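Fold and geometry: a report
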Amino acid sequence: KATVSVLNCLPHATMGCSCSKQEAKAKPAGISKDQQAKVNETTAVVAKMVAEDVKAAIAEAEDTDAVVSQADMPEEEKKAMRRKLKKARKRATKLETLEKAREVEALSLQDYNSAIRRLQSVTGEDPTNPDAAISLPEGLDWLNTILETLWPSIKRHASGVVRDGVDTFCRQFSQWYGANCRVEEFIFDRSDAPCGFGPISTRKVPGMDGTPDGSLEISLGITYRSSMLCSLETDMGQLVVQNFDFLGTMFIYLRPFIDEAPLLGGLQFAFANQPTINLDYSGFVGEMMTTMASVRDKVRQQTDYILGSYCVMPYFYHVPLHPKYENCAKLKCPEPEGMVRLTLVDATNFPDRTFGGGFDVFLDVSVGMAKWRSKTVKNTRQPEWNESHDFLVYNQDQWICVKVYDENVITTDSVIGEVLNLPVNRLVKRGVAEIPLMKDGLPLFGAADDDGESPPPCTLRLRAEWVAIKDDSPAAKARLVSTHVKEIADLPEAAVMKKLKMPGEPMKSEEALRLIRELHAEGKSYEVIKAVIHLGGDGGDAFLDAALEKTGGKWALANDDADHAWWKTGECHLNWRTVPRKQINDDPLLTLWARAAKDAPALASDDELDRREVYFKKYTEVDHWHYNVAYQIYNTHACAEPYFEHILHLNTTTAETVTLNVYCTTSGALVGTKTMKVEDTKQGDEPDLVGPFAMPFKVDAGLALTVHGSVTVKALEATKELPKNWNLKADSIDRNDFMEWWKDEIYSQEYFEKKLEGDKWLSEDWPKGKRARVSLEEQEKRVKFYEGGTDDLRGGKSDAKTLVMKEAALMRCLRHGALTWGDYDCIVARLRGEPDAPAIAETLDWVNMVLECMWPSIKGFTNNLVRNDIEPQLKQAVQDAAGAYAKLASFDVNITKFDLGTKPPFFNTIQVVKQRGPNAWGGAYKGFRLHLNNISLVSDVDLAIEVVVETKLGITTRIPLGLKDLLFRASVEVDCGPMLPEPPFIGCLRVTLPNLPELDFDLTGAADVVDKIPGIKGIAVGVILDNIGAACVAPNFMVTPLARGIDHIDIQYPRPIGVLRVECRAAHNLMAGDVNPVTGYKGSDAYVKVRVSQATFCTEAVTSLDPVWEFNNVAYFPIHSLEQKVQFEVFDADGVMGGADDTLGGVHSKETVLGGGVDTIHAGIPVRALLRLGSVNSLATLPLTRKVKDEVSSSPTHLVYEEVPVIGESKVASSLSLAPEMLQMENDGNYTIAYMVDCRLDGMTGLPSTADVDLCGPYNIKVASGNHTATTKSGVGKTTVIDGRSCINRIKKLATEEKVAPQDIAKLAHLSVDLVTAVLKRAEESPQDIEDEDGVFMKQWVEEANKSKQHNADVTAPRFDQRLYVILPVDKDDERAAAGRIVLPVTLTVMDKFGRALASHVIDYDIQANTDEHGQTQPLHGPWEFTADVAATETGLLDAIGLGAKAPPLPAYKGTWVLNGQVDVDPLRQRILDAD
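All of the points below concern the structure found in this document. (Residues numbered from 1 in each chain as written. Predicted model: local features only at pLDDT ≥ 70, side-chain atom pairs only at ≥ 80, totals over all residues. Heavy atoms only, no water.)

1. Things to note about the overall build of the protein chain
As a reminder, the rule being used: Only DSSP runs of H or I reaching four residues or more are called helices, and only runs of E reaching two or more are called strands; each is numbered from the N terminus. The rule is simple: take the accessible area with a 1.4 Å probe, protein chains only, and divide by the maximum for that residue type; under 20% is buried, over 50% is exposed, in between is partly exposed. Here, two residues are considered to be in contact whenever any of their heavy atoms come within 4.5 Å of each other. Here the open area of atoms and residues is found with the Shrake-Rupley method and a 1.4 Å probe, where only the protein chains shown may cover a residue.
When helices and strands are counted, the protein chain shows 34 helices and 62 strands. A buried classification covers 46% of the 1476 residues belonging to the protein chain. Summarising the internal contacts of the protein chain: among those between residues at least 6 apart in sequence, 69% fall at separations of at least 24. Surface summary for the protein chain: the accessible area is close to 74,300 Å², and the carbon and sulfur share equals 53%.

Below is the structure:
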């Protein structure tokens, strides 16, 4: 058993896990001493893997594998150990190849980290650590790429929105203060760099009810550097704001998870530390703000305080998603994770003062928004404090920030040095740390010694101790007191104060004026009125006098008339302020307020202008007074019962009493107080004291206040055991592979550009205080490094690291599965300097952890949905489907069991590829493509359904059906575009699966017979996959328009990126599919089946074990994505009736081509990989293999297959030779070997109505060129919503007046016979029911009628709105081609729904005549006429007895139809490659 625990470490090796000493010393039962010694050495294997000594690790692991084989233990345990060892070897080999690629600089640091991150994935179907509480940080390059693509659109839209907002602010500023303020210039962003996100990580945190896994924390880095420009012209001067910078890490908390929509109670947002916000000011006003330190610091402090009071811990911004958690104190004010006890020990090596003497030193310490000041140590350069303070910690990544000040009595305190951004978790883990002080970003050094030695660094010594929160710990001295304040009741004048509109909202000026009038009319005193509206400060009585004067009849504006003239608007008032009367003659066309009429540019008379100016002046006075009202009572919460729903957390060592103080926000006066004795007397989260708490009202002793809430006390106990969900692994400084200090990026570009003589980059060893200059030779070396010279300072020469070497290193990574073909192409593209080359695919472990945490809630929600909604609908659907059988028996269905299982879906990797190209409004990109690779669901789902059939004879039959153990895996591509200049910025979403998904499941109950009969389950799975393929597997796309005016036809049916031409040449050393034991004959009728998505091609059969195909051996496939896979399978054609063709082998995956095993059951070779294996110049010879289950690597829930070579009759491995190439639709001078017919079909008119002639619609169009065809989906006529009353009246008229039979009425009205019969029957029994539009019958009838697709569809004018692509190879023997003129016939045929041809039209496309001077072909546009001459058909003998096609006979018909659309032909050219 101990061996298992030891070997468990091997798969974790690349994460840096280690084996404990106890595990290493344990003696497994059943193993000899020698074997025991060998197994103990696995700890060394792990250590070597951690140290990245990969070769030695692989050798040790293989030796251990031999030991496991000889061990005396159950075979299942051996299998598990071998599986772990095999995975460890694979992972170590992948790491080795990545390291070598990094050594030759084939991989950038970002790509290297992304690839390593995949190996360190902690979630998924085969997790390294399924119980992990954290996910390691991941990049969000895919999201940043999306933002970069959208940024031109966002900038264009945001510029207008923000400009309008700034203009509005300037207008209000002018109105409020009577000073001019206008926007002189505004640019939202002068750069193309959007805000950046990442890294991102997740962590499980305790829930609001104390459960260990009840919530999830998402850490998200946010960076935004905007080169904005906003220039304001004011009376005080010009103010220019530019270059806005924002840098911070936001924490998003998902809690609680619930089993109701939206599955989440709320979101909480908070920054663990104060974000960095920088603004550059210029202009006269801006220069004053910049040069005056007090003003600059005040602006920064106010900015930090405003943001911090909203969302810097311990303050959380709560967004409720469910009404139940709208006002939840535990979400708005969560309990801290614990407490850090920080001890300031001492500081050493302070520098000399300017005028000699020591410093008066004190420290300002902050954690989040919590701050503390230490005592002052007088006149010293070696201060000692030995002073402790406790800080509540809400997140492990909160920083401890320490600023060291020199206390000054006269001037402001000066900063000596500082320690910034010291994470709590690292300091707590170390316990005691001696940290160097910094100043202005540089290390702070003490005074130089007399002997000339380098000055020592100035350091600060800190000690940190973790204090955990315990529900019950009698020995603990400290306590955490959590006071939950809900509301305050019984305030004075409650009856008056309840007149306010809404408790808790700031009072509006109009509301205050109304309330002042009402209270004054009721005889209330000024003191009561001021208390009600929270009017504080001096001058309150004068304010009320003015308010009563204005509201007591003198409030009406001068010259106010009843007709509300057009110029009495805010727009004209603002225009009057902007263009005063003395300026109206300068530009009368722009002076709106002074016009004689609204639409006339002529000016009004002087008397009228005087009248208007009097009005505007009074309007300004009133508006300004309204602003004063709102300003004085802003942010007050005058209400009868103030509602808080807030929790205050306080740590204390003397928790014997707790005091509640109630203050007035505006005046700061103490309103009430109460002191209570409290002890930790209850368990868990139950409160120790429960309100209401009554306290006397300080203003009036005869009154009392009541505070509703509770007090909870928990123990705080110092411990060395840190929280399990903390990430304590990243405790070392990563120098990005640079070992010398001066190569660190911190010291390179920034300081080198300044060219500071004697600065860091020129020093011998700055970190150790050796500030002497290095030699000139060393300086030149560093200059070359900083400037990116040719010398490689880490060994070797850059000239030797050619592109060939780098690609070879990448190919080794590819062979061992450390990279994918997509990764390879992206990296090579960047190495070659191609624009917009994407980053490699990134992991989505944070998404998987979110799904893992939400999965119980999703299960609960779906269970409720199934029981409450789906099951009743299923019962009703079964009863409706019974139809006529309901007279013989009753049918019912019950869902007896439904369980989604324990495993959520797993998202593997994601990648975004920008699509550069112009769009309609001039943006740089036309869209982007999102790749979601290998989304898998390996679920232990369990579904059981029972169908109950009870006959009229009383016989009851119960049929159980069920499904379990579902496997689904697919890759998804989402195309987003075109780009729009306004929200939603994306015109359309197009979703497709590049390949058919993998699907497998087990059927239970009566359906289990499908699993028992060979081949039946494969047919069932095939039918399901065919339906999926017809819906969303390339070239079929699912399109969702997001904006109006988008031509979705070109989006839903895009042009292929190229056409894959595959020529199957020969096969070698095949197995014998046909064996005659009598004659001894062994041979095969071999043919090749090639498949891309749902398109297939088969060569002719050749009788040979070494067949060569010379005719009918070329396949053409339109390609929409390089991720599409090509499947090759060689069969032996079986001529026996009903016999299936025998498989002789196939090419199942790209790993077969490159070597190595197969970790997936995906079949086929990606197009991007196939194109590298061969071309028209050279053949690709691929080994034929067959898939075999890997017993070692497979687990019960994850089947792994490996490929075994197929050995032919000659005892040699079988193989297949072919020549793949991609034909391009480009005019680049290469040879044209085929044409692609691009046919767009819009709509058709003139078809007969089914009421007159039933030609078995709906119809479709078949496009044929040569022997190649393609067919549209069925056309759909224009539909309209049915009008119930008019339709019913028409039915009644046809039946009663014209005596038309119900079945004929159904044809005329495009309704079912049942619906027509229901109307006629109700008209006889209860005529009033069909007259009442709001009646039950009418509503149900209209609903049923609108469910039908045919009742309101115009079948005479179906719409297709589709594009079809047909590939036509060039016939070299064609006479027209030989004559130098090529005319391609394109045949369009109208088909009925049974595939019978009704009419045809031939379009002759002349290549030469339709090619312009640039060599581009031009389309031929419709309309095209079809002459239909349908001969009547009769029911055949087989149809009559039910064995035919069951197609009804066609009537005789003649007519002319018209089809709209266009046909274009693109030449497909072959690229003849050079020898290299």
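2. Thoughts on the sheet that holds strand β52 (residues 1215-1223)
Backbone-to-backbone hydrogen bonds join strands into a sheet, with any given pair of strands oriented parallel or antiparallel. As a reminder, the rule being used: Strand pairing is defined by DSSP finding a minimum of two bridges between the two strands. With axes taken as lines fitted to C-alpha atoms, and helix axes fitted only over the stretch in contact, angles between N-to-C directions fall between 0 and 180 degrees.
Strand order in the open sheet formed by 4 strands is β45-β39-β52-β49, and the pairing between neighbours is antiparallel. The sheet is open, and its two edges are formed by β45 (1114-1119) and β49 (1180-1183), each paired on a single side. For this sheet the average axis-to-axis angle between neighbouring strands, irrespective of direction, equals 35 degrees. By the bridge criterion, 4 bridges tie β49 to β52 in an arrangement that is antiparallel. By the bridge assignment, Ala1180 is partnered in β52 with Leu1218.

3. Description of unusual backbone geometry
A cis amide bond links Ala1034 with the next residue in sequence, Pro1035, at an omega value of 10 degrees. Here the residue pair Gly1422 and Pro1423 is connected by a cis peptide bond, since its omega of 10 degrees sits within 30 degrees of zero. Inspection of the secondary structure puts Pro1423 in the loop between β60 (1420-1421) and β61 (1424-1430).

4. So, the pattern of salt bridges
The cut-off we apply is this: Should a side-chain nitrogen of Lys or Arg be within 4 Å of a carboxyl oxygen of Asp or Glu, the pair is scored as a salt bridge.
Tallying each qualifying case throughout the model produces 38 salt bridges. Its salt-bridge partner being Asp836, residue Lys914 comes within 3.4 Å of it at the nearest N-O pair. Placement of Lys914 in strand β33 (residues 909-916) and of Asp836 in the loop between α22 (821-831) and β31 (842-843) is noted, with a sequence separation of 78 residues between them. For the pair formed by Lys914 and Asp836, the shared burial category is buried. Residues joined by salt bridges that share partners form a network here, namely Asp1050, Arg1055, Asp1238, Arg1240, Asp1242, Arg1363 and Asp1466.

5. Quick notes on the side chain of Thr1272
Mapped onto the fold, Thr1272 is located in the loop between β55 (1268-1271) and β56 (1276-1279). Under the relative-accessibility criterion, Thr1272 is labelled buried at 6%. Setting aside residues no more than four positions away along its own chain, Thr1272 makes contact with Leu1241, Asn1260, Ile1261, Phe1360, Gln1362 and Leu1364.

6. Examining the packing of aromatic side chains
What counts is decided by this rule: Ring geometry is summarised as follows: Phe, Tyr and Trp rings, the Trp one being its six-membered ring, pair when their centres sit within 6.5 Å, and such pairs are stacked at plane angles under 30 degrees, edge-to-face over 60 and tilted between the two.
Counting across every chain of the model gives 14 aromatic pairs. With centroids separated by 5.4 Å and ring planes inclined at 90 degrees, the aromatic side chains of Trp567 and Tyr615 adopt a geometry described as edge-to-face. Placement of the pair is Trp567 in the loop between α16 (540-551) and α17 (570-578) and Tyr615 in helix α18 (residues 606-632), with a sequence separation of 48 residues. Here Trp567 matches Tyr615 in class, with each residue buried.

7. Focus on the nonpolar core
Here is the rule: Only buried residues count toward a nonpolar core, which is a set of Ala, Val, Leu, Ile, Met, Phe, Trp, Tyr and Cys residues joined through side-chain atoms within 4.5 Å.
In terms of nonpolar packing, the biggest core is built from 67 residues, with Trp142, Leu150, Leu254 and Phe928 touching the most fellow members. Considering every element that reaches this core, the biggest residue donor is helix α23 (residues 845-882), with 10 residues. When neighbours within four sequence positions are excluded, Leu150 is seen to be in contact with Phe928, Met979, Phe985 and Ile986. Of all hydrophobic cores here, the second largest spans 52 residues; its members include Leu98, Leu1060, Ala1086 and Ala1169.

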